[in-house]
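# Descriptive analysis of the structure
Here is what each chain is made of, one letter per residue.
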Amino acid sequence: MEHIVIIGNGIAGVTAARHIRKLSDKKITIISAEADHFFSRTALMYVYMGHMRWTDIEPYEHWFWKKNRLELKNAYVSKIETDKKTLQFKEGGTIHYDKLIIASGSTTNTFGWEGLESKGVVGMVTKQDLEQIEKYAPNNKECPRAVLVGGGLIGVELAEMLRTRNIEVTFLIREENFWNSVLPPGEAAMISRHVKSHGVDLQNNTNLDTILADEKGKVRAVTTKETGEEIPCSMVGICTGVKPNITFLEGSGIETDKGILVNRKLETNVKDIYAIGDCAQQRETIGNRKPVEAVWYTGRMMGETVAQTICGNPFEYNPGHWFNSAKFFDIEYQTYGWVFHEPKEGNTHFHWHHEDDTKCITIEYEIESRKFLGINTFGIRLKHETFNQWLNEDRTMDFVIENFKQANFDPEFYRNFESEILKEFQNTKTETV
Amino acid sequence: MSTIQRDMSLTGQPPKSINTIQKFGTVIGLFGLALILLASFNSVFPNKGLWLTIALTSLTGGIILFAYGAYAHKHEGIKNDGVYFKSLSSRGFWAWVVGLALTGFYIVLYFFPYYLGLRQEGDNTGIIALFDPLSKLLSGNPASQWFVYGTLYTIAIFAFGIKFFLKYRHNRYERLRTISVMFFQTSFAFLIPEFMARLNSDDFSLPYYDLKNIWPLNYYNFEQYRVDSFISAGDVGLILLLFGIASIFIITPILTYKYGKRWYCSWVCGCGGLAETAGDPFRHLSDKRQVAWKIERWVVHSVLVFVVVMTTAVVYSYLGDDSSKYWLTKDTFLIGVAVFLGLLFAAIWVFKRQELAKDARYGAIGYLVIVLALIGLHYSTGKNLFLFEAESLRKSYGFLIGAIFSGVIGTGFYPIFGNRVWCRMGCPMAAILGLQQRLFSKFRITTNGGQCISCGNCSTYCEMGIDVKAYAQKGENIIRASCVGCGICSAVCPRGVLKLENGPLEGRIDAKEVLLGNDVDLMKLMNQKPSPSEYIQK
């Protein structure tokens, strides 16, 4: 029986395993050094916040794996011998594969700051990271203040986590506003105000310089580049994004750049070895997507795709329209299609902002053709299916605004803002004419 | 993984600790409770009306003040911080204390009302006597243990309803639903029956009737004393009796078809009302394992069979044999029941068989055969209908289901089993509504394309123990018999994935192998029915 070995039990690896099992009776082994069972990485924060227990963030009950003959191995792969098709484990022992799927995910991205190795410097990517956070920031006596570096999704999650235990948070971001590099200015400013309203000391245009440790090697403060100011703290959260977790591949002959280089069939340069999820880097870019995408659903989609190829139905990875979602404290965010922080050439933005400062939308569209390109929505839930269809049909901006109600996905009885948005849109139209 | 509490202070750390307003609320609320408890030691309250007012106001005010302290200063949004760290909401010490106290209260209430002060002869004493002034004000009669219970129950729904309202104030669905349960409890369950009692006189008497309490939840509605009482009360009584019958056979099916069982379970019902308000802090304690779902299906449907059998036996026992006196005789009734059950089964079997799981088919056939065989046995051998005396069936049901299951376990064990264990495992009304919701209703929870991140909030906070995420991560609509439509899964979802909706029957159940967002060809290929192969075991 053909043996499929998967390195990594995250969403990408587990989806691949599930779909291979749907399609075949092959032997499947999933290897992870992080956790015994698949868990939802995006839900790590809720364990610290006390919303859920560890078991609640595991999407499948433990019997699921045995019942579906998915063998689980808790071990760290230290070496891949591609010529012998063998994996070596750090703990000792080897395993033979016929086909190998690497889904080793991401690790915290750092910028080589001085003092990075001090105790109490944490990331927020893995189960082990969460354990470190629980260790260094159990409460606001042990950790009166934490400093977070880097204004992205992980940073805002960590800030929300720490605030539930009344730990003071200083949040250093390089930009003018939170997530400026992705969000248009109106949105970035609104989210920054919201983050501050939760008691976070958001310091914009500020870079970390050094991390200072006490005599025991534990974090005691950081200094900033701009002013040299020393900010005392008991924990430093590194939230400057993630990078592919591929250091264990050194010397294996598997070609890498930032991530593991793959073609559209998710094949690496070595026969019978595939890479999916956060650790994969597309050789050719797909649309506006980045070559490395650390997103939950792209991991899932690559898993769905590679399973087809492995089961004798070669398929190219071909993601549809871009979409994503997140939550910034109390404000939900969804995006469909492409909205850039400033409109691309030939495009413009329509921005609507509700007076309560928790809702807004931004739509990017082509000025000439009025073609709808994408929408960011905050505080209003919108329907994925509807926007996917409108993007497929190349609808105009005017069509989208006029039919906006069809896309609403808020719970029943919620207030609607369609007419308000339409009115504002008509006003801006007359202004520009 | 749990919080490391390295300092030993008793107040605890955020998010477990409570603030000054909450402490005041606790003191005031417990003071009210203490006054009521004092009454049970026959402490002489000089002016019962005044002291009862003080006690109930403190209790209500304390709860509301606590809630205000907990939520008012915070942003609108989801408030589940520290749920699994707090002793009370994570089956810790305080959960057991409260669970045992509530269980004890129910045991005294159902089986030893003497200790609450109920007296057959002479005036009430103790707690019940404390409530006499309010009862006399409303109905003109002295209080009973049920009046005490009803008052406290209403206060719980009202005060904890305000707490729930503050907690979910950003969510209009939750706000309206809470106003609805508060309204139905205060008016239909509490005030109207008391006022109705005022209409009673020597030659006119209606039974105590909470109009929204529908058979079979209200399992005693068609017992002889009530039916006699309805009939002897003339047109008004007859209308009420017909309303009781129409409630379950006409009104309920129509509303459930249009809105799902939520119209009742989380908008109207008193049990649901208490679960949604006072029980809200315990909603995550429901068992989400697949094995719990299997047990639930057998238990709740068995209770349904029990209540149908019991009610049939009871009605049969008091009907006459002579069709010239009254058209509905023992035989007409019994054959009518058998034909109705047979037709209902046949209709489901013909139109909906493919939607029934294997155990549902076995269960349905098994129970139908048993019930019909017992009716046949009764006619062929003359043995008791359903083998037992109607009276012993009635008493057993009242004891096992009416008292132990719904009260002692269902509510007493809120802090251990979660707030809906009765609704999920025991309520025959929920079973009927659930069957219809699963097979013939416009209600469903839809999922939003590929946005689900399998975080598990929806499943965790589902009070009915539904593994919502298992459907959401597959992009599948959630159509479960047990779903009461509380809307919390949708509220706690951080990615805007879930929405409660009423829509067309077509395409209501649509499993997807590959979610929206992936290659169109792959989605088509994988989503073809039947699915490519069946190697995966669910």
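Residues numbered from 1 in each chain as written. Chains lettered and ligands numbered in written order. Predicted model: local features only at pLDDT ≥ 70, side-chain atom pairs only at ≥ 80, totals over all residues. Heavy atoms only, no water.

### Description of the pairing of strand β13 (residues 208-213) of chain A
Residue and element names in this part refer to chain A.
- In terms of strand pairing, β13 meets strand β14 (residues 219-224) through five bridges, oriented antiparallel. Considered in β14, the bridge of L208 is made with T224.
- The turn linking β13 back onto β14 is made up of five residues, and G217 within it adopts a positive phi angle of 85 degrees. (Pairing = 2+ DSSP bridges. Helix = DSSP H or I, 4+ residues; strand = E, 2+ residues; numbered from the N terminus.)

### Examining the domain arrangement of chain B
Residues and elements named next belong to chain B.
- Domain annotation of chain B identifies domain 1 (10-74 + 112-199) and domain 2 (442-527).
- Placing a centre on the C-alpha atoms of domain 1 and another on those of domain 2 gives a separation of 38 Å.
- Every contact between the two is made by six residues of domain 1 and, on the other side, six residues of domain 2.
- Carbon and sulfur atoms supply 53% of the area that domain 1 and domain 2 bury against each other, a total of about 410 Å² over both sides.
- When residues of domain 1 are sorted by the area they lose upon contact with domain 2, Y168, Y173 and E174 head the list and together hold 64% of the total.
- Taken together, the links from domain 1 to domain 2 amount to zero salt bridges.
- Taken together, domain 1 and domain 2 are joined by two residue pairs in polar contact (both at pLDDT 80 or more).
- The element best represented in the side of domain 1 that touches domain 2 is helix α7 (residues 172-199), accounting for three residues.
- In terms of residue class, the side of domain 1 that touches domain 2 is made up of three nonpolar, one polar and two charged. (Domains from an automatic or database assignment. Contact = heavy atoms within 4.5 Å. Buried area = accessible area lost by both parts, 1.4 Å probe. Salt bridge = Lys/Arg side-chain N within 4 Å of Asp/Glu carboxyl O. Polar contact = N/O pair within 3.5 Å; in protein donor to acceptor, adjacent residues only side chain to side chain. Nonpolar A, V, L, I, M, F, W, Y, C, P; charged D, E, K, R; others polar.)

### Points about the interface of chain A and chain B
- The partner chain B presents 76 residues to the 82 residues of chain A that form the contact.
- At the boundary of chain A with chain B, total buried surface from both sides reaches about 6500 Å², with 51% on carbon and sulfur atoms.
- Area buried by chain A at its contact with chain B is led by A:K22, A:F409 and A:E412, which between them contribute 11% of it.
- Where chain A touches chain B, the interface holds one salt bridge.
- Close ionic contact of B:R262 with A:E412 constitutes a salt bridge, the shortest N to O distance being 2.8 Å.
- It is helix α7 (residues 296-310) of chain A that contributes the most residues to the side of chain A that touches chain B, seven residues altogether.

### With respect to the sheet that holds strand β25 (residues 372-378) of chain A
Residue and element names in this part refer to chain A.
- On the basis of which strands lie adjacent, the open sheet formed by five strands has the order β21-β22-β25-β24-β23 and antiparallel pairing. Unpaired on one side and paired on the other, β21 (323-328) and β23 (347-353) mark the two borders of the sheet. Pairwise comparison of adjacent strand axes, ignoring direction, gives a mean angle of 10 degrees for this sheet.
- Of the strand pairs in this sheet, strand β22 (residues 331-337) and β25 are connected by five bridges, and their pairing is antiparallel. Along β25, the bridge assignment pairs T335 with N376. (Axes fitted to C-alpha atoms, helices over the stretch in contact; angles between N-to-C directions.)

### Considering the pattern of salt bridges
- Tallied over the entire structure, the rule returns 40 salt bridges over all chains.
- Two residues, A:D272 and A:K271, come together in a salt bridge whose shortest N-O distance is 3.6 Å.
- Residue A:K271 is classed as exposed on the basis of its relative accessible area, which comes to 67%.
- One salt bridge in this structure joins A:E420 and A:R415, with 3.8 Å as the shortest N-O distance.
- Residue classification places A:E420 among the partly exposed positions, given a relative accessible area of 32%.
- With a relative accessible area of 48%, A:R415 lands in the partly exposed category.
- Among the charged side chains, a network of salt bridges with common partners joins B:K167, B:E174, B:R177, B:E276, B:D280, B:R283, B:R420 and B:E463. (Buried < 20%, exposed > 50% of the residue type's maximum accessible area, 1.4 Å probe, protein only.)

### Some words on the side chain of A:E187
- Structurally, A:E187 can be placed in helix α6 (residues 185-197).
- When near neighbours in sequence (up to four residues on either side) are disregarded, A:E187 contacts A:H351, A:C360, A:I361, A:T362, A:N376 and A:F378.

### Structural notes on the state of the cysteines
All names here are of chain B.
- Scanning the model with the defined rule gives zero disulfides over all chains in all.
- No disulfide involves C462; its nearest neighbouring cysteine sulfur is the one of C486, lying 6.4 Å away.
- A relative accessible area of 10% places C462 in the buried class. (Disulfide = S-S within 2.5 Å.)

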